[in-house]
Amino acid sequence: MNAIRRRRFLCLLFGYLAFSCFGLYLLGFTATLLAPGAGAASIGTPTARAILSGLFLLLYNFWLCHMCVSTLVGLYYFTDRLQRPDAEREARNPTAAE
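What you see is a predicted model, and the numbers here were worked out from it, not measured in a lab.

So, how was this worked out
- Residues numbered from 1 in each chain as written.
- Predicted model: local features only at pLDDT ≥ 70, side-chain atom pairs only at ≥ 80, totals over all residues.
- Heavy atoms only, no water.
- Helix = DSSP H or I, 4+ residues; strand = E, 2+ residues; numbered from the N terminus.
- Buried < 20%, exposed > 50% of the residue type's maximum accessible area, 1.4 Å probe, protein only.
- Contact = heavy atoms within 4.5 Å.
- Areas by Shrake-Rupley, 256 points an atom, 1.4 Å probe, with all protein chains shown as cover.
- Phe/Tyr/Trp six-rings, centres within 6.5 Å; stacked < 30°, edge-to-face > 60°.

Undergrad: Can you walk me through the overall build of the protein chain in this structure?
TA: Along the backbone of the protein chain there are three helices and zero strands. Helices and strands appear in the protein chain in the N-to-C order α-α-α. Taken across its 98 residues, the protein chain has 10% of its residues classed as buried. For the protein chain, long-range pairs separated by at least 24 residues make up 80% of all intrachain contacts whose partners lie at least 6 apart in sequence. As displayed, the protein chain offers around 7800 Å² of accessible surface, 70% of which is attributable to carbon and sulfur atoms.

Undergrad: I'm lost on the side chain of Ser-70 in this one. Help?
TA: Within the fold, Ser-70 resides in helix 2 (residues 46-79). When sequence neighbours within four positions are dropped, the list of residues in contact with Ser-70 reads Leu-13 and Leu-17.

Undergrad: What is the right way to look at the packing of aromatic side chains in this model?
TA: Where two aromatic rings form a pair, the distance of their centres and the angle of their planes describe that pair. A complete count under the given rule lists four aromatic pairs for this structure. Taken together, the ring pairs in this structure connect Phe-9, Tyr-76 and Tyr-77 into an aromatic cluster.

In C-alpha coordinates, the structure reads:
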(Lines give C-alpha, C1' and ligand atoms only; values in the text may rest on other atoms or scores of the structure.)
Protein backbone atom coordinates (compact mmCIF):
# COMPACT_ATOMS: atom_id res chain seq x y z
CA MET A 1 0.00 0.00 0.00
CA ASN A 2 1.55 3.25 -1.15
CA ALA A 3 -1.40 5.50 -0.37
CA ILE A 4 -0.55 8.80 1.25
CA ARG A 5 -1.91 9.16 4.75
CA ARG A 6 -3.42 12.31 6.18
CA ARG A 7 -0.54 12.93 8.55
CA ARG A 8 2.03 12.63 5.76
CA PHE A 9 -0.09 14.86 3.51
CA LEU A 10 -0.23 17.55 6.20
CA CYS A 11 3.50 17.32 6.90
CA LEU A 12 4.32 17.69 3.22
CA LEU A 13 1.81 20.49 2.73
CA PHE A 14 2.96 22.60 5.66
CA GLY A 15 6.61 21.94 4.80
CA TYR A 16 5.92 23.16 1.26
CA LEU A 17 4.09 26.21 2.62
CA ALA A 18 6.98 27.10 4.93
CA PHE A 19 9.48 26.85 2.07
CA SER A 20 7.17 28.77 -0.25
CA CYS A 21 6.71 31.50 2.35
CA PHE A 22 10.47 32.03 2.56
CA GLY A 23 10.67 32.17 -1.23
CA LEU A 24 7.84 34.66 -1.50
CA TYR A 25 9.37 36.84 1.20
CA LEU A 26 12.79 36.83 -0.49
CA LEU A 27 11.24 37.62 -3.87
CA GLY A 28 9.32 40.57 -2.43
CA PHE A 29 12.34 41.81 -0.51
CA THR A 30 14.52 41.59 -3.62
CA ALA A 31 11.91 43.38 -5.71
CA THR A 32 11.70 46.15 -3.11
CA LEU A 33 15.47 46.61 -3.20
CA LEU A 34 15.73 46.52 -6.99
CA ALA A 35 12.61 48.55 -7.85
CA PRO A 36 14.12 52.04 -7.45
CA GLY A 37 17.12 51.20 -9.66
CA ALA A 38 15.02 49.36 -12.22
CA GLY A 39 12.65 52.26 -12.57
CA ALA A 40 15.28 54.66 -13.89
CA ALA A 41 16.08 53.78 -17.48
CA SER A 42 17.48 50.29 -17.33
CA ILE A 43 14.38 48.51 -18.65
CA GLY A 44 13.54 50.76 -21.55
CA THR A 45 10.32 52.47 -22.41
CA PRO A 46 7.71 53.35 -19.79
CA THR A 47 5.33 50.93 -21.49
CA ALA A 48 7.78 48.05 -21.05
CA ARG A 49 8.28 48.98 -17.39
CA ALA A 50 4.52 49.07 -16.83
CA ILE A 51 4.06 45.68 -18.50
CA LEU A 52 6.87 44.07 -16.49
CA SER A 53 5.62 45.63 -13.28
CA GLY A 54 2.08 44.42 -13.92
CA LEU A 55 3.30 40.94 -14.82
CA PHE A 56 5.40 40.75 -11.67
CA LEU A 57 2.48 41.87 -9.50
CA LEU A 58 0.17 39.36 -11.19
CA LEU A 59 2.55 36.45 -10.59
CA TYR A 60 3.39 37.56 -7.05
CA ASN A 61 -0.30 37.86 -6.12
CA PHE A 62 -1.09 34.53 -7.79
CA TRP A 63 1.61 32.86 -5.68
CA LEU A 64 0.30 34.60 -2.55
CA CYS A 65 -3.29 33.48 -3.25
CA HIS A 66 -2.05 29.94 -3.93
CA MET A 67 -0.40 29.91 -0.52
CA CYS A 68 -3.58 31.19 1.16
CA VAL A 69 -5.74 28.52 -0.48
CA SER A 70 -3.21 25.78 0.33
CA THR A 71 -3.10 26.94 3.95
CA LEU A 72 -6.88 26.82 4.18
CA VAL A 73 -6.91 23.29 2.71
CA GLY A 74 -4.29 22.23 5.24
CA LEU A 75 -6.23 23.78 8.10
CA TYR A 76 -9.40 22.05 6.96
CA TYR A 77 -7.69 18.67 6.96
CA PHE A 78 -5.96 19.44 10.24
CA THR A 79 -9.08 20.50 12.13
CA ASP A 80 -11.81 18.41 10.55
CA ARG A 81 -10.53 15.44 8.62
CA LEU A 82 -7.74 14.52 11.01
CA GLN A 83 -10.24 13.98 13.80
CA ARG A 84 -12.28 11.49 11.76
CA PRO A 85 -11.17 7.87 11.85
CA ASP A 86 -9.98 6.21 8.66
CA ALA A 87 -12.61 4.01 7.01
CA GLU A 88 -9.92 1.40 6.39
CA ARG A 89 -9.01 1.31 10.08
CA GLU A 90 -12.67 0.98 11.08
CA ALA A 91 -13.16 -1.91 8.67
CA ARG A 92 -10.22 -3.83 10.16
CA ASN A 93 -11.07 -3.12 13.80
CA PRO A 94 -14.59 -1.77 14.43
CA THR A 95 -14.06 -1.40 18.20
CA ALA A 96 -10.99 0.85 17.80
CA ALA A 97 -13.11 3.84 16.74
CA GLU A 98 -15.02 3.90 20.01
